[in-house]
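# Analysis of the macromolecular model
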Amino acid sequence: KLPESTGVYYFYNKVGKILYVGKAINIKARITSHFSGKSETRLKPGLINDIHSIGFELCGNELLALLLECNEIKKYWPPYNNSHKRNTTNTGIYMYEDIAGFRRLCISPVKKFEKPVYTFHNIAEARNFLVEKCEEHKLCPRLCGLQKVCSDQDCDTNGICNTLDFEQIERYNLRLLSAISTLDSEKSFILSGKGKTSTEKSFVMIENGRYQGFGYYPTDSTFYSPQELKTHLQSYPDNPDIQRIINSYVRNNSQEIEYLPFAV
């Protein structure tokens, strides 16, 4: 009775606890191989003995199955899964205004409900990015959290962070905001692909570099704007494993998805 479709499957014990989560292009074939297939796909005897029931969730395509599998493993922590079980947090670049009126940037771990300007896998990646943007847009390294003391001779902004002149501060803030505005379209995009049925399409949404989740919309409608798609969005948390899955899939399966950048 299992479907021969793409999705995520679950093995439960007799009290309903999830023992194992997997993803498959063909759910029926994959689960069958766990019980009667080759040694690399056959389940451990302990797990086989504990399985009381099987569930599944159709996804429509492999990317969504990979994303859902990752989320479910981190959410339920099944005892027989090994991958995706490390605790992971992204690093973000945040903007705030100091007492002098300067808009400043800082690097900090991404927390729930916070909205960073940009997200990265680690601190080193975030720092390298800021160094590049400081040089490109002539931003102050001290005001971008890269150094504690401003060295005039090494700074393209000539020590502007020490000024109290309102007009100079405003000009610098406008330059910083202009630099940030160029980032939105770079890291905000939609991946559109096959849905669970022929009457719908799927989408994955990345906004300001952060994974927002995925959803489905009817194929017989006109193209949805990003704001309209949000009404169909199932929200899921972001983490480095999710980012790795998306980046790898986009790189290796560009023929199966439609990449649609958008401005926030």
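One can find the structure itself at the top, above this paragraph.
Presented here is an overview of the structure given in this document. These figures come from a predicted structure and were not determined experimentally.

Once that is clear, we can look at the environment of Tyr172. By secondary structure assignment, the location of Tyr172 is in helix H5 (residues 166-187). Residues Tyr172 and Lys138 lie 34 residues apart in sequence; the distance between their C-alpha atoms is 9.3 Å. Polar side-chain contacts of Tyr172 include one of 3.1 Å to the backbone nitrogen of Cys140.

To continue, consider the side chain of Ser33. Here Ser33 is to be found in helix H1 (residues 27-36). The class of Ser33 is buried, set by a relative accessible area of 18%. Reaching out from Ser33, the side chain makes a polar contact with the backbone oxygen of Arg30 at a distance of 2.6 Å. For Ser33, the contacting residues outside a window of four places in its chain are Thr41 and Arg42.

The strand order across the open sheet formed by five strands is S10-S9-S8-S7-S11, and the pairing between neighbours is antiparallel. Each end of this open sheet is capped by a strand with a single partner; those strands are strand S10 (233-235) and strand S11 (258-261). Within the sheet, the average angular offset between the axes of one strand and its neighbour, ignoring direction, is 25°. Here strand S7 (residues 189-194) runs beside S11; their pairing, made up of four bridges, is antiparallel. Bridged to Ser192 within S11 is Glu258. Contacts from helix H7 (residues 240-252) reach S7, strand S8 (200-207) and strand S9 (210-218) within the one sheet, and its direction differs from that of S9 by about 60°.

Inspection of the entire model under this criterion finds 10 aromatic pairs. A ring pair is formed by Phe102 and Tyr172, whose centres lie 5.8 Å apart and whose planes are at 75°; its orientation type is edge-to-face. Placement of the pair is Phe102 in the loop between strand S4 (91-97) and strand S5 (103-109) and Tyr172 in helix H5, with a sequence separation of 70 residues. Taken as a pair, Phe102 and Tyr172 share a single burial class, namely buried. The structure contains a cluster of three or more aromatic residues connected by ring pairs, namely Tyr9, Phe11, Tyr20 and Phe35. The ring of Tyr216 has Lys196 lying over it, and the distance from NZ or CZ to the ring centre is 4.5 Å.

Overall, the coordinates contain seven salt bridges when judged by the stated rule. Among the ionic pairs, Glu62 bridges to Lys23, the shortest N-O distance being 2.8 Å. Of the two residues, Glu62 is situated in helix H3 (residues 62-76) and Lys23 in strand S2 (residues 18-24); the sequence distance between them amounts to 39 residues. Glu136 is paired through a salt bridge with Lys133; the nearest N and O atoms lie 3.2 Å apart. Highlighted residues: Glu136 and Lys133, both in helix H4 (residues 123-137), separated by three residues, approximately one helical turn. Through salt bridges with shared partners, a single network forms among Lys74, Asp241 and Arg244.

Conventions and cut-offs
Residues numbered from 1 in each chain as written. Predicted model: local features only at pLDDT ≥ 70, side-chain atom pairs only at ≥ 80, totals over all residues. Heavy atoms only, no water. Helix = DSSP H or I, 4+ residues; strand = E, 2+ residues; numbered from the N terminus. Polar contact = N/O pair within 3.5 Å; in protein donor to acceptor, adjacent residues only side chain to side chain. Buried < 20%, exposed > 50% of the residue type's maximum accessible area, 1.4 Å probe, protein only. Contact = heavy atoms within 4.5 Å. Pairing = 2+ DSSP bridges. Axes fitted to C-alpha atoms, helices over the stretch in contact; angles between N-to-C directions. Phe/Tyr/Trp six-rings, centres within 6.5 Å; stacked < 30°, edge-to-face > 60°. Lys NZ or Arg CZ within 6 Å of the ring centre and 35° of its normal. Salt bridge = Lys/Arg side-chain N within 4 Å of Asp/Glu carboxyl O.

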